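For reference, the chains in residue letters:
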Amino acid sequence: PQFLNLPASVDIHEATSVETLLYNISVIDQSGNDTVSCSISSTTPTSAPFIVKYRTGTSATISVSSVTAVGTVIYEVNASDAEGDPLSYSIQGCGSCAVQITQGGQIILRTSIASVQQYSYAFYIRVADGTTTSQEVLAVIINAGAVTLIEAVDYESNLTQFAITFDVTDGKNAATPGTLTINVLDINEPPEFERTIYYTTHDECCNGREFSVAGFTVTDPDGDTFHYDFAPGGDDHHRFQISATTGRIRYQVDYDIDSPTNMPADLVFIIGAVDARGQTGTTSLIVTITDRAEHSPEFAESLYTTTIYNDHQVSSAVFYVSATDKDYGPTCNALTYILFGQTDYFAISNDGLIRTTTPLESIVNDTVLSFVVQATDGCGSSTNVSVEVTIVPGTTTGFFDNTSNIAYFVGGLAGAGLVILGISFVIFRMVKHGYVFRKESCFQRKSNGNHTE
């Protein structure tokens, strides 16, 4: 076992009462399982009026770093009451401690211990239910003397040994200065890539074709030679090889992204740089495989035919003529459509829908209108297909189904009106005068007037 807070000095005044606590002796045993006893071996003068008492109740020892933040819970008292009475907690024998206890039994750091002069505390934790009281002894050890590394060291910098001299004091007595020597040992460090992610793009192609240079920049801290390889799990597709000297990727199969479920267009490789002693540094290589125009648009039929009535409404749909392209999208398989031939009556949209643009009533029945639809993909490849549209009589054969008959009907209706008006006039004259038109001679007029001329 070791004393944690001796030697030390305590000042007391002459009116100090008997049984007054003068000092808490803190002891630690590294084995953790031994029973530690403490006694007074000698006093000067002899038979001095002091005794050593063991603390009653359980005990515990905890270590706390000197950089622990204020407010951190460093210990929690585990207590319960058989009758379920509420418990109260308090700390005794340590008025200057940097800790305090909550009513829930949590001991928290109340002030900073970064620059404390006292490196251990021992105190009572008192637990009471209003009737009985129990106590626990807690020793808090502040690890202010721990030496930690605050900046990376490098063997290759040739600074390989440090000597540190320490002074320690309790404010009254100082120990003999001690020296700690720290030796920096060499270890094999892996090669280092300049960047964590690299990018490259390449067309789909054939077995053996190399990708463009990815631009790897690698250094080895130890100055070792290295070679490139796929890191474990770096090529889950197993369709590529990597040059050990240049790091360039090449196909080891004919790669076609027109089947993206088997050969995806977006790939991620884990590239390793392996030094002569087996240490590996890694980086990610993101590869985009672009499509080449290998396919032309394809129509489902070599000839499209349909029949429509000559009274088909203008701008209404006739039918769809659509094509597909096996190239990987979205560029090469994007299609557009145009018409060639008898295009005065029809138009086509980019989704392949053919519509009428002018009336078809003047077209002779059973006339076949022929034209060509051309589909062009985004990479410039085109395919043509023929279309034949047969024009047949309309859905009804009435007189007014033909717009030209309407003009004839209106003209005929006007002429019939004039005829009816003339007949009505004749009938009126006949009924009222007994004649329609009469011409009298001069002799007749004088005779009727009873005079002669």
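Residues numbered from 1 in each chain as written. Predicted model: local features only at pLDDT ≥ 70, side-chain atom pairs only at ≥ 80, totals over all residues. Heavy atoms only, no water.

**Concerning the overall build of the chain**
Rules: Put simply, DSSP marks the helices as runs of H or I at least four residues long and the strands as runs of E at least two long, and each gets a number from the N terminus on. Exposure classes here rest on a 1.4 Å probe applied to the protein chains alone. A residue is buried below 20% of its type maximum, exposed above 50%, and partly exposed in between. Contacts are assigned to residue pairs that have any heavy atoms within 4.5 Å of one another. Accessible areas in this description were obtained via Shrake-Rupley with a 1.4 Å probe; residue shielding takes into account the shown protein chains only.
When you go through the chain residue by residue, the secondary structure sums to 2 helices and 28 strands. Counting only residues that meet the buried cut, the chain has 29% of its 453 residues in that class. Relative to all contacts within the chain whose residues are 6 or more apart in sequence, the contacts with residues 24 or more apart total 61%. Counting every atom, the chain has about 29,000 Å² of accessible surface; 53% of that belongs to carbon and sulfur.

**Observations regarding the sheet that holds strand β27 (residues 367-376)**
Using the following cut-off: By this definition, two strands are paired if DSSP reports at least two bridges between them. Here, axes are lines fitted to C-alpha atoms. For helices the fit covers the stretch in contact, and angles between N-to-C directions go from 0 to 180 degrees.
Ordered by their spatial adjacency, 4 strands build an open sheet running β21-β28-β27-β24, and the pairing between neighbours is mixed. The sheet terminates laterally at β21 (303-309) and β24 (336-341), the two strands that pair on one side only. Recorded for the sheet is a direction-independent mean angle of 30 degrees between the axes of neighbouring strands. Across 7 bridges, β21 lies against strand β28 (residues 382-392) in parallel orientation. By the bridge assignment for β28, T305 is matched with E388.

**Digging into the packing of aromatic side chains**
Aromatic ring pairs are described here by two measures, namely the spacing of the ring centres and the angle between the planes. Applied cut-off: To pair, rings of Phe, Tyr and Trp, with the six-membered ring standing in for Trp, must have centres within 6.5 Å; the planes then decide the type, stacked if under 30 degrees apart, edge-to-face if over 60, and tilted in the middle.
For the coordinates displayed, the defined rule picks out 15 aromatic pairs. Here the aromatic rings of Y198 and F216 are separated by 5.0 Å at their centres, their planes lie at 80 degrees, and the arrangement is edge-to-face. Placement of the pair is Y198 in strand β13 (residues 197-203) and F216 in the loop between β13 and β14 (218-219), with a sequence separation of 18 residues. Look at F216 and you get buried, because its relative accessible area is 13%. Considering the side-chain rings of F240 and F269, the 5.1 Å spacing of their centres and the 75 degrees angle between planes classify their relative orientation as edge-to-face. Residue F240 is found in strand β16 (residues 240-242), and its partner F269 is found in strand β18 (residues 266-275); the two are separated by 29 residues along the sequence. Across the pair, F269 and F240 agree in class, each one buried. Here the aromatic cluster, defined as three or more aromatic residues joined through ring pairs, consists of F211, F230, F240, Y251, Y255 and F269.

**Structural notes on the sheet that holds strand β25 (residues 346-348)**
What the 3 strands build is an open sheet, ordered β22-β26-β25; its pairing is antiparallel. The open sheet has two free edges, formed respectively by β22 (317-320) and β25, since each of these has just one partner strand. Within this sheet the neighbouring strands show an average axis-to-axis angle of 25 degrees, counted without direction. Examined bridge by bridge, β22 and strand β26 (residues 353-356) share 3 bridges and lie antiparallel to one another. Residue pairing across strands places F319 opposite I354, the latter belonging to β26.

**Overview of the nonpolar core**
For clarity, the threshold we go by: Remark: nonpolar core denotes a set of buried residues (Ala, Val, Leu, Ile, Met, Phe, Trp, Tyr, Cys) joined through side-chain atoms within 4.5 Å.
Counting residues in each nonpolar core, the largest one holds 24 residues, and the members touching the most others are F216, F240, I271 and L285. If you tally residues by element for this core, the top one is β18, at 4 residues. Not counting residues up to four positions away in its chain, the partners in contact with L285 are Y198, Y199, T200, A214, F216, I249, L267, V268, F269 and I271. The next biggest cluster of nonpolar side chains, apart from the first, holds 23 residues, and it includes V321, L339, I354 and I363.

**Focus: the side chain of N310**
The residue N310 is located in the loop between β21 and β22 in this model. N310 gets classed as buried once you look at its relative accessible area, which sits at 14%. Filtering out sequence-adjacent residues up to four positions away, N310 remains in contact with L360, E361, N365, I391, V392, P393 and G394.

**Here we look at the pattern of salt bridges**
Put simply, the test is: Salt bridges, as used here, are contacts in which a Lys or Arg side-chain nitrogen is within 4 Å of a carboxyl oxygen on Asp or Glu.
Counted under the stated rule, the structure contains 3 salt bridges. Between D222 and R277 there is a salt bridge, with the nearest N and O atoms lying 3.7 Å from each other. Residue D222 is located in the loop between β14 and β15 (226-230), and its partner R277 is located in the loop between β18 and β19 (280-290); the two are separated by 55 residues in the primary sequence. Assessed through its relative accessible area of 18%, D222 is described here as buried. Between R277 and D224 there is a salt bridge, with the nearest N and O atoms lying 3.1 Å from each other. In this pair, R277 is assigned in the loop between β18 and β19 and D224 in the loop between β14 and β15, connecting sequence segments 53 residues apart. On the accessibility criterion, R277 (49% relative accessible area) is partly exposed. Residue D224 is classed as buried on the basis of its relative accessible area of 18%. Taken together, the shared-partner salt bridges connect D222, D224 and R277 into one network.

**As for a nonpolar patch on the surface**
As a reminder, the rule being used: Two distance rules govern patches: like charges are joined within 9 Å, and nonpolar side chains (Val, Leu, Ile, Met, Phe, Trp, Tyr) within 5 Å, applied only to residues with over 30% relative accessible area and no salt bridge.
Taken together, the side chains of F3, L6, V10, I12, L22, Y23, I25, I40 and F50 define a hydrophobic patch exposed on the protein surface, amounting to about 750 Å² of accessible area. Here L6 is to be found in the loop between β1 (2-3) and β2 (27-28).

**Examining the confidence of the model for the chain**
As a note on interpretation, predicted positions should not be read in detail where pLDDT is low. Convention followed: Summary of the metric used: pLDDT quantifies the predictor's per-residue confidence within the range 0 to 100.
Overall, the prediction assigns the chain a mean pLDDT of 79, with 79% of residues at 70 or greater. Ignoring residues within four places in sequence, the model shows residues 441-447, a span with pLDDT below 50, making 4 contacts including any to other chains.

**Quick look at the environment of L180**
On the secondary structure map, L180 appears in strand β11 (residues 178-183). L180 sits in the partly exposed class, given a relative accessible area of 33%. For the pair L180 and F162, spaced 18 residues apart in the sequence, the C-alpha separation amounts to 8.2 Å.

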